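Chain by chain, the residues run as shown.
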Amino acid sequence: MSAHIIIVEDDEDIAALVAFNLEREGCTCTLVHNGSEGWEQIRTQLPDCVILDMMLPGMTGLQIFTEMKSCELTKNIPTLFLTARAQLDDKLECLDMGADDYITKPFSCKELKLRVRNLLHRAKSGASRLIVKQGPICVDKANQKASLDGAPLELTSAEFKILSYLMERPDKVQNRYELQQALLGYSDSTQTRALDTHIKRLRQKLGAHAECIATERGVGYYFTTSPAKSE
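Residues numbered from 1 in each chain as written. Predicted model: local features only at pLDDT ≥ 70, side-chain atom pairs only at ≥ 80, totals over all residues. Heavy atoms only, no water.

1. Some details on the sheet that holds strand S8 (residues 145-148)
The condition is simple: Here the rule is simple: two strands pair whenever DSSP picks up at least two bridges between them. Numbering of helices and strands runs from the N terminus; a helix is a DSSP stretch of H or I covering at least four residues, while a strand is a stretch of E covering at least two.
Spatially, S6-S7-S8-S9 is the arrangement adopted by the four strands of the open sheet, whose pairing is antiparallel. Because the sheet does not close on itself, it has two edges, and the strands there are strand S6 (131-134) and strand S9 (151-152). Two elements, S6 and strand S7 (residues 137-140), share four bridges in a ladder whose sense is antiparallel. Opposite Gln134, over in S7, you have Ile137 as the bridge partner.

2. Quick notes on the packing of aromatic side chains
What counts here: Here a pair means two rings of Phe, Tyr or Trp (six-membered ring of Trp) with centres within 6.5 Å. Their orientation is stacked below 30 degrees between planes, edge-to-face above 60, and tilted elsewhere.
What the rule picks out here adds up to two aromatic pairs. The interplanar angle of 35° and the centroid separation of 6.3 Å between the aromatic rings of Phe81 and Tyr102 together place this pair among those described as tilted. Of this pair, Phe81 sits in strand S4 (residues 79-83) while Tyr102 is found in strand S5 (residues 101-104), placing the two residues 21 residues apart along the sequence. Among the aromatic residues, those joined into a cluster by ring pairs are Phe65, Phe81 and Tyr102.

3. Details of the environment of Leu130
Quick note on the threshold: What makes two residues a contact is simply this: any of their non-hydrogen atoms within 4.5 Å.
Position of Leu130 among the secondary structure elements: in the loop between helix H5 (109-125) and S6. Taking C-alpha positions, Leu130 is 5.9 Å from Ala142, a pair spaced 12 residues apart along the chain. In this structure Leu130 touches Val139, Asp140, Lys141 and Ala142, once residues within four positions along its chain are discounted.

4. Overview of the nonpolar core
Applied cut-off: Residues enter a nonpolar core if they are buried and are Ala, Val, Leu, Ile, Met, Phe, Trp, Tyr or Cys, with the set joined through side-chain atoms within 4.5 Å. Think of it in three bands: with a 1.4 Å probe and only protein chains considered, a residue is buried below 20% of the maximum accessible area for its type, exposed above 50%, and partly exposed in between.
In terms of nonpolar packing, the biggest core is built from 44 residues, with Ile42, Ile64, Phe81 and Leu163 touching the most fellow members. Ranked by residue count, the leading element in this core is helix H6 (residues 157-167), at six residues. Of all hydrophobic cores here, the second largest spans 19 residues; its members include Val18, Ile51, Val116 and Leu120.

5. Description of the pattern of salt bridges
Our working rule: The term salt bridge refers to a side-chain nitrogen of Lys or Arg lying within 4 Å of a carboxyl oxygen of Asp or Glu.
All chains considered together, the criterion is met by 11 salt bridges. Ionic pairing is found between Asp90 and Arg85, a salt bridge with its closest N-O pair at 2.9 Å. Here Asp90 falls in the buried class, since its relative accessible area comes to 11%. Here Glu159 and Lys205 are joined by a salt bridge, their closest N and O atoms 2.7 Å apart. In this pair, Glu159 is assigned in helix H6 and Lys205 in helix H8 (residues 192-206), connecting sequence segments 46 residues apart. Take Glu159: its relative accessible area is 2%, and that puts it in the buried class.

6. Notes on the sheet that holds strand S12 (residues 220-223)
Our working rule: Axes, fitted as lines to C-alpha atoms, cover a helix only where it is in contact. Angles between the N-to-C directions of the axes lie from 0 to 180 degrees.
The strand order S10-S12-S11 describes an open sheet built from three strands, whose pairing is antiparallel. On the outer flanks of this sheet lie strand S10 (174-175) and strand S11 (213-216), each paired with one strand and no other. In the sheet, S10 pairs with S12 via two bridges, with the strands oriented antiparallel. Residue pairing across strands places Asn175 opposite Gly220, the latter belonging to S12. With respect to the sheet, H6 is in contact with S10, S11 and S12, its orientation differing from that of S12 by roughly 65°.

7. Some points on a nonpolar patch on the surface
Note the cut-off: Like-charged residues are merged into a patch within 9 Å and nonpolar side chains (Val, Leu, Ile, Met, Phe, Trp, Tyr) within 5 Å, provided each residue has over 30% relative accessible area and no salt bridge. Only the protein chains shown count as cover for residues, with accessible areas throughout obtained via the Shrake-Rupley method and a probe of 1.4 Å.
A contiguous nonpolar patch, built from Leu88, Leu92 and Leu95 and spanning about 270 Å² of accessible area, is present on the exposed surface. Following the sequence through the fold, Leu92 ends up in helix H4 (residues 88-97).

8. Quick word on a negative patch on the surface
What counts, and what does not: When charges are counted, Lys and Arg contribute as positive and Asp and Glu as negative, whereas His and the chain ends are disregarded. Positions of charges follow a simple convention, taking NZ of Lys, CZ of Arg, CG of Asp or CD of Glu.
A grouping of Asp10, Asp11, Glu12 and Asp13 is seen on the molecular surface, where their side chains present a negatively charged patch. Judged by relative accessible area, Asp13 falls into the exposed class, the value being 64%.

9. Notes on the pairing of S7
In S7, alternate side chains face the same way, and those of Ile137 and Val139 on one face and Cys138 and Asp140 on the other are all buried. With antiparallel pairing between neighbouring strands as the criterion, S6 and S7 make up a hairpin whose turn holds two residues, including Gly135 at a positive phi of roughly 60°. Alignment of S7 against S8, held across four bridges, turns out to be antiparallel. What sits directly across from Val139, in S8, is Ala146. Joining the antiparallel neighbours S7 and S8 is a turn of four residues, in which Gln144 adopts a positive phi near 55°.

Below you can see the structure in the form of structure tokens.
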């Protein structure tokens, strides 16, 4: 069960117990004890699975999950709620929002490991949906890898996010401000130069296929399936 799991739990003893059991199964765990910090770690690290407590300082588990579902990069990350809130209404609310599983405290470590294993297995079974190919360019979102004409394409995290996001929406112009906020976390419109810099470097790495990343003047960028026709 090799996977990176982020555990957002304010009780350090419980977080350590969960991590100990999952790491014995081959997982790598990141422990976060504050909700706001947890969301930042999830957004930037893009783990294979998230385990969320409900009541947290900074942001609640539900607030984190809402942010995850509204973000293109995190909305499909398997999420398990591990909480002391045992009321049926709480469980149904989380599941109705799209949570993958819900376990109440006190809990069985053996059951937790089995449920996490099942979440990861289901995610892996759907991995084919995480492979996006357009012409000679291919991105593997599950493994954060890209290739060009079959050869590895060395991209930074930001470049990979931009390329995969645009390739999933071929020939559809993406607003530059929405791109920078969704992919780079910049909400200030004055920071669009950072996005432009990433696009420039991405095009340089694509070489002869740089025109696949096209510009719509005054609007944003898009991935074109007919680069010979792009301006």
